[in-house]
Amino acid sequence: MIPVKLEIEGLYSYKEKQTVEFEQLTGAGLFGIFGAVGSGKSSILEAILLALYGSTERLSDRGEKNSMLNLQSETLLINFEFKCGNNNSKNYLARYAAKRNPKNFEEVRPAEHTFYEKDGENLIPIHHDGEKIIGMKKEHFKQTVIIPQGKFREFIDLTPGPRAEMMKELFGLERFDLSQKTGSLLKAVREEKIRLETQLLALVEYSPEALKDKENLRSEKTIFLEKEEKTFQTLEATYKKQEALQIKNLQLIERQKEWNKLEIQRPEIEAKKAIWKDFLKAKTYLKPVWDQIKEAKIELEKYQVSVINCSDFKITYEVEVADLVKQEAELKIKADDRPNREAKIRDLKKVIEIQGLLAALKDAEKQVETLSPHIESLKKSQKDLENLIKEKESKIEAIQLPDTDEISNLKSAAKEWTNLESQLAKLTEDFNSLRQMSTSLDTAILEIKKQIPSGFDSLGSWIDFQKKQIQNLENAKEKLLSKKGLAAHVHLLQDGEACPLCGAIEHPDPITASQEESEWNDVSKQIEGAKVLLEKTVNLSQQLSGQQIRQENHLQNIAAKEKELADSKLQLTSLMGSLKSKNINSKESLSKLIGDTDLALKHKDQLAQDVKAFRKSLEEGKILLEKEEQQLRAAEQKQVALHSTVAAKKDEIKDPVFTKPFFDKGTDTIENTILSVQKDIEKTIQDLDGKRKVLQETRAKQSTNLANLKTFGDLVEKTIVKITELESQYETLKKTHGFESESDLHALYHHSLDADKTDAEIRQYEDRRLLVQSNLDKLKAEDGVLDFSQEAFELLLGELQEKKSALEGFRKELTLLVQDIEDSKTKLNRKQELAKEFSVLENRESNLKELDNLFRGSGFVKYVSTIYLKELCNTANLRFIKLTKNSLSLEIDDNNTFWVVDYLNGGKKRLLKTLSGGQTFQASLCLALALAEKVKSLNQADQSFFFLDEGFGALDRNALRVVFETLKSLRHENRIVGIISHVEELQQEIGVYAKIELDPEKGSQVGYSF
């Protein structure tokens, strides 16, 4: 719920209509409603509760409504516009109106309490009450949205039972009442039991005995099938043997053809074999040595180049090392002078300190020079203020005023005079109005009496006559009804035959149906006309009675009003007589006397305020004078101390001659000089370390180069010897393997012959030739291969296929029997599973019956309510621990009782009631905010409203600051927070507020900070 606008008229101290524009207040996120005690701040919350729920916090709607109305108002009217619903998406207007009974001041007529939904500028009446629109009861609304005065700690003071019931109603915990759901589950289980019983009945034919008979039949068929399969396997083995001979016969023909082709390829293979042998000898024995000779000559050339390079580097390193040794010596001399240079830096720092002390000394001297004349001026001002105070006090004593009781009596008399004159005017007007209304009623009564016919003395006698006349007509109609019934039987009368009704033989004058119908219609019309006239006469009688009652009431009101008028005139005469005794002969002279007295009183008050202001200035001047005298003494002491410190610092300087020129230079110049020297010292050290490191590295490189020069020289000599040995070995190999021409060898080295491929080709040919020859010999040696008969083989194949077809038919029969057995097993298993499920359902039914008995009460709902309260407590602790500076936290036990954990006493628990007033306020605030936060999430709103009229007076300044920071932080949580208070510190902190002031004449007045 978000308030938009509130209009109040005639409620408590709100005499005139006042409007509270909440839209601008709530737009700030945090706003206040401030005013003095009794100004009407809390009445704003009372008006909202009255508009929403029809009753206030202080007074009920029944019996105490008279005390709600302003004593000078005849009407109470409240219009409250607000947003509500899912995400505060709908606008509503709540209207509450009541009036006094004009005849009885103490009586207030029943109130009109209505609600409207706003659609643009249109108001649509709705029949919901405030509880249904807001979604919570008034008691819960006062604990989560608007917290009236004196009700702030109501939530924590609730007993566990009502607190749990509140959580149930707020958060809809009735959904955890599982009794009905358990009953539904129990019903479903019973229905499932019936379904399983039906399925079990469908499987009653499947039994272990029937399954055993089918398995015996399968065994017999299996034995017969095995015999047939053995016969078939024998025939199949014969066929496979003949089939193998057929394959081998075909292989024999193919191998013979392949042997003929191999014989044709033989000369070509022999030629390739000769070339391949020479190539293999050259590459295997001679080429590796030839390759080593080439590699050795390349290495020799590389070693010779390295020797030349190392010789050149030897000279370069000798020059570089000598140069680095010289630079190192120069830097070492500069580095050895470091202590002397650092001593000068210390002296320069002392110069800077002395310059700072001299500047401070100059400031202290200047402060002494400034304070002395200012102190004298302050003393003179104090003397002048004392004289002014004496002068103002003398003027106050000179002003003579009447007694305060007398002034109050005069003001009351003036007000009473005005009220009596207004009352006389209103009573006269009311009296004249009543006289006119009485005359009108006399005329109306006369007009009604004129309508009574002559012969009747009143409307009552006329009504009695008409009733008798209608009764007579009704009797005549009943007689006609009897005749009409007899006329229906006239056709049965025959001369000489007895009448069925009376038994007479003669029928001289029978009734005719048309005659009776005509008489019946005439009487019915007469009765209808008489009833209309009677109704008209009764209405006239009621009108006359009503007018006479009104006339009687008006005559009583005229008499009462006449008495009131006489009483008012007597009161006014008595008042004027009492004032004449005080020499006040007119209302104007009374007003002038009161005005003169008020002016004198205001002048006296102004003089008193001036004296108060002067005394305050005098006290402030004394404090300032004392403060400046203390400053003067401190400045003089500082002068002496600075003179002493400067002398001591100058004595600490080691080289006064060096530092003397620097006293005239600025601090920046001296600091730059110090920084330059420090950098040069550090640079010298770094350069010396760098030079030494470079010298060390260069000497290491020089040593490495000399070692390399010797190594490469040795390698050159070894490589020359190696080449000579390899060339000798190469010549020996040429002779050994019969190679005379070097060019032929080089041709073989570079030949494109693929030795491995050629070797594989030769081997493959020879292996294949051996294999084909072996296969031919083997096939020819086997029995039956050469004399194999194709015709006999085909006859055997036909016999085998015929046997196979018969065997497959029998297998199919056996397969169907096996499937039938498997199906029986499946159905039998299903039957067993259903029996198990049925047993499980019986157990479930038993358990659900037990649960149904357990959930019949509300124990589970109370348990869930406890969980919600614990979660609420955790949310409240996020703020409460911070407010108490980590010294306290809230906890709730299983009985829904609040406890406090005291961390300053070892985390021991104590009852929430043991907290101080300020701590109880903090706990109540945190719980109320947590409760409001849960309600906000429950309503799915992006904003929530929280109005507080309580407790800030119980807090000290620090606690007030912490609470206020907490309230301000709520704006970042998209909350709107309203505060009602008279505490001045809050008024200084909150920028947007409404100010309530109580005017003696107009009642409570609403103003704003914007």
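Described below are features of the structure shown in this document. (Residues numbered from 1 in each chain as written. Predicted model: local features only at pLDDT ≥ 70, side-chain atom pairs only at ≥ 80, totals over all residues. Heavy atoms only, no water.)

## Some words on the overall build of the protein
Quick reminder of the rule: What counts as a helix is a DSSP run of H or I of at least four residues, what counts as a strand is a run of E of at least two, and both are numbered from the N terminus. Here the term buried applies to any residue with accessible area under 20% of the maximum for its type, exposed to any over 50%, and partly exposed to those in between, with areas from a 1.4 Å probe on protein chains only. We call two residues in contact when some of their heavy atoms are within 4.5 Å. For the area figures, the Shrake-Rupley method with a 1.4 Å probe applies, and any residue is considered shielded solely by the protein chains shown.
Check the secondary structure of the protein and you find 23 helices and 16 strands. By the burial criterion, 34% of the 1010 residues in the protein qualify as buried. Sequence-distant contacts, at least 24 apart, represent 76% of the contacts inside the protein between residues at least 6 apart. With an accessible surface of roughly 62,400 Å², the protein has 51% of that area assigned to carbon and sulfur atoms.

## Looking at the packing of helix H10 (residues 338–398) against helix H14 (residues 587–651)
When two helices pack together, their arrangement is given by the angle between their axes and by how far apart the axes lie. Put simply, the test is: To obtain an axis, a line is fitted to C-alpha atoms, over the contacting stretch when the element is a helix, and the angle between two such axes runs from 0 to 180 degrees between their N-to-C directions. Geometric relationships in this document are graded by angle, where less than 35 degrees denotes roughly parallel, more than 145 denotes roughly antiparallel, 65 to 115 denotes roughly perpendicular, and other angles denote oblique. For any helix crossing, the convention is left-handed if the near helix is rotated counterclockwise from the far helix by under a right angle, and right-handed if that rotation is clockwise. For this classification, the nonpolar set comprises Ala, Val, Leu, Ile, Met, Phe, Trp, Tyr, Cys and Pro, the charged set comprises Asp, Glu, Lys and Arg, and every other residue, Gly included, is treated as polar.
Between H10 and H14, whose axes approach to 7 Å, the crossing angle comes to 160°. By the angle class used here, H10 and H14 are roughly antiparallel. The way H10 lies across H14 gives a crossing that is left-handed. For the contact of H10 with H14, the residue count by class is 25 nonpolar, 10 polar and 18 charged.

## A closer look at the packing of aromatic side chains
The geometry of an aromatic ring pair is captured by two quantities: the separation of the ring centres and the angle between the planes. As a reminder of what qualifies: Classification of ring pairs rests on two measures: the distance between centres of Phe, Tyr or Trp rings, Trp counted by its six-membered ring, which must be within 6.5 Å, and the angle between planes, read as stacked under 30 degrees, edge-to-face over 60 and tilted in between. Think of it as a cone above the ring: NZ of Lys or CZ of Arg counts as a charge over the ring if it is within 6 Å of the ring centre and within 35 degrees of the ring normal.
This structure, assessed with the given rule, holds nine aromatic pairs. Judged by centre distance (5.2 Å) and plane angle (20°), the rings of Phe80 and Phe82 are stacked. Note on accessibility: Phe80 and Phe82 belong to one class, buried. Positioned above the aromatic ring of Phe662, the side-chain terminus of Lys665 is 4.5 Å from the ring centre. In this arrangement the basic side chain of Lys909 is found over the ring face of Trp899, its NZ or CZ atom lying 5.9 Å from the centre.

## Thoughts on helix H2 (residues 42–53)
For clarity, the cut-off: Every helix has an expected span of 1.5 Å times one less than the residues it contains.
Between its first and last C-alpha, H2 extends 17 Å over 12 residues, near the 16 Å set by a 1.5 Å rise per residue. Judged by how many residues are buried, H2 sits mostly within the fold: 12 of 12 residues are covered. Just downstream of H2, Gly54 is the residue with a positive phi angle, here 80°.

## Describing a nonpolar patch on the surface
Heads up, the condition is: Each patch is built from salt-bridge-free residues with over 30% relative accessible area, joining like charges within 9 Å and nonpolar side chains (Val, Leu, Ile, Met, Phe, Trp, Tyr) within 5 Å. Between Lys or Arg on one side and Asp or Glu on the other, a salt bridge is scored when a side-chain nitrogen of the former is within 4 Å of a carboxyl oxygen of the latter.
Together, Phe860, Tyr863 and Ile867 make up an exposed nonpolar region whose accessible area comes to about 290 Å². The topology assignment puts Tyr863 in helix H20 (residues 859–883). Among the residues examined, Tyr863 registers a relative accessible area of 51% and is labelled exposed.

## Comments concerning helix H16 (residues 667–736)
Taking 1.5 Å of rise per residue, 70 residues should cover 104 Å, and H16 covers 100 Å from first to last C-alpha, within 8% of that figure. Positive phi appears at Gly738, one or two residues downstream of H16, with a value of about 75°.

## A word on the pairing of strand E11 (residues 898–902)
Condition: Strands were regarded as paired on the criterion that DSSP finds at least two bridges between them.
In terms of burial, E11 is largely enclosed, as four of its five residues are buried. Bridge analysis of strand E10 (residues 888–892) against E11 gives five bridges, and the strand direction is antiparallel. Note that in E11 the partner of Ser889 across the bridge is Val901. Between E10 and the antiparallel strand that follows it, E11, lie five residues; Asn896 among them carries a positive phi value of about 60°. Note that E11 and strand E12 (residues 908–911) share four bridges and pair antiparallel. Across the sheet, the residue bridging to Trp899 is Leu911, located in E12. The hairpin turn running from E11 into E12, its antiparallel successor, is five residues long, and Gly906 in that turn takes a positive phi close to 70°.

## Section: the environment of Tyr116
Of note, Tyr116 is situated in strand E7 (residues 112–119). When the C-alpha atoms of Tyr116 and Asn91 are compared, they prove to be 8.7 Å apart, with 25 residues separating the residues in sequence. The contact partners of Tyr116, leaving out residues within four places of it in the chain, are Asn91, Tyr92, Leu93, Arg95, Leu123, Ile124, Pro125 and Ile126.

## Examining the pairing of strand E14 (residues 975–981)
Of all the seven residues making up E14, seven are buried; the element is thus mostly covered by neighbouring parts of the structure. Alternating positions in E14 separate into two faces, Arg975, Val977, Ile979 and Ser981 on one and Ile976, Gly978 and Ile980 on the other, with burial throughout. Pairing of strand E3 (residues 30–35) with E14, which is carried by five bridges, proceeds in the parallel orientation. Across the sheet, the residue bridging to Phe34 is Ser981, located in E14. With five bridges joining them, strand E13 (residues 944–948) and E14 adopt parallel strand pairing. Looking at E14, one finds that Phe946 is bridged to Val977.

## Concerning unusual backbone geometry
The residue Tyr12 is not glycine, and still its phi comes out positive at about 50°. Judged by its relative accessible area of 17%, Tyr12 is buried. One non-glycine residue, Asn886, lies in positive phi territory at about 65°. Tracing the chain through its elements places Asn886 in the loop between H20 and E10. Accessibility expressed as a relative area gives 57% for Asn886, which makes it exposed.

## Considering the sheet that holds E11
Here we have three strands laid out as an open sheet, ordered E10-E11-E12, and antiparallel in their pairing. A single partner strand is all that each edge strand has here, and the edge strands are E10 and E12. Within this sheet the neighbouring strands show an average axis-to-axis angle of 35°, counted without direction.

## Digging into the pattern of salt bridges
A pair can form between side chains of opposite charge whenever their charged atoms are brought close. Summed over the entire model, instances satisfying the criterion amount to 30 salt bridges. Salt-bridge contacts for Arg190 lead to Glu845; the nearest nitrogen and oxygen are separated by 3.1 Å. With Arg190 in helix H8 (residues 179–202) and Glu845 in helix H19 (residues 790–854), the pair connects residues that are 655 residues apart, well separated along the chain. Among the charged side chains, a salt-bridge network with shared partners connects Lys426, Asp430, Lys561 and Glu564.

## As for the nonpolar core
Using the following cut-off: We define the nonpolar core as a collection of buried residues of types Ala, Val, Leu, Ile, Met, Phe, Trp, Tyr and Cys that are connected through side-chain atoms lying within 4.5 Å of one another.
By size, the foremost hydrophobic cluster in this structure holds 47 residues, and its most contacted members are Leu6 and Phe82. Element by element, the count of residues in this core is highest for H2, at nine residues. Ignoring anything within four residues of it in the chain, the contact list for Phe82 reads Met1, Ile2, Pro3, Val4, Leu52, Lys90, Asn91, Tyr92, Ala94, Ile133 and Ile134. Ile269, Trp276, Leu800 and Phe810 belong to the second-largest nonpolar core, a separate cluster that totals 27 residues.

## With respect to the packing of H10 against H16
Remark: H10 packs on H16, axes separated minimally by 10 Å, with the N-to-C direction vectors making an angle of 160°. If you check the angle between H10 and H16, you find them roughly antiparallel. In this structure, H10 meets H16 at a crossing whose hand is left-handed. Note on element contacts: H16 touches H10 through Thr667, Ile670, Glu671, Thr673, Ile674, Val677, Gln678, Asp680, Ile681 and Ile685, opposite Arg338, Arg341, Glu342, Ile345, Leu348, Lys349, Val351, Ile352 and Gln355. Looking at the contact of H10 with H16 residue by residue, the classes come out as nine nonpolar, four polar and six charged.

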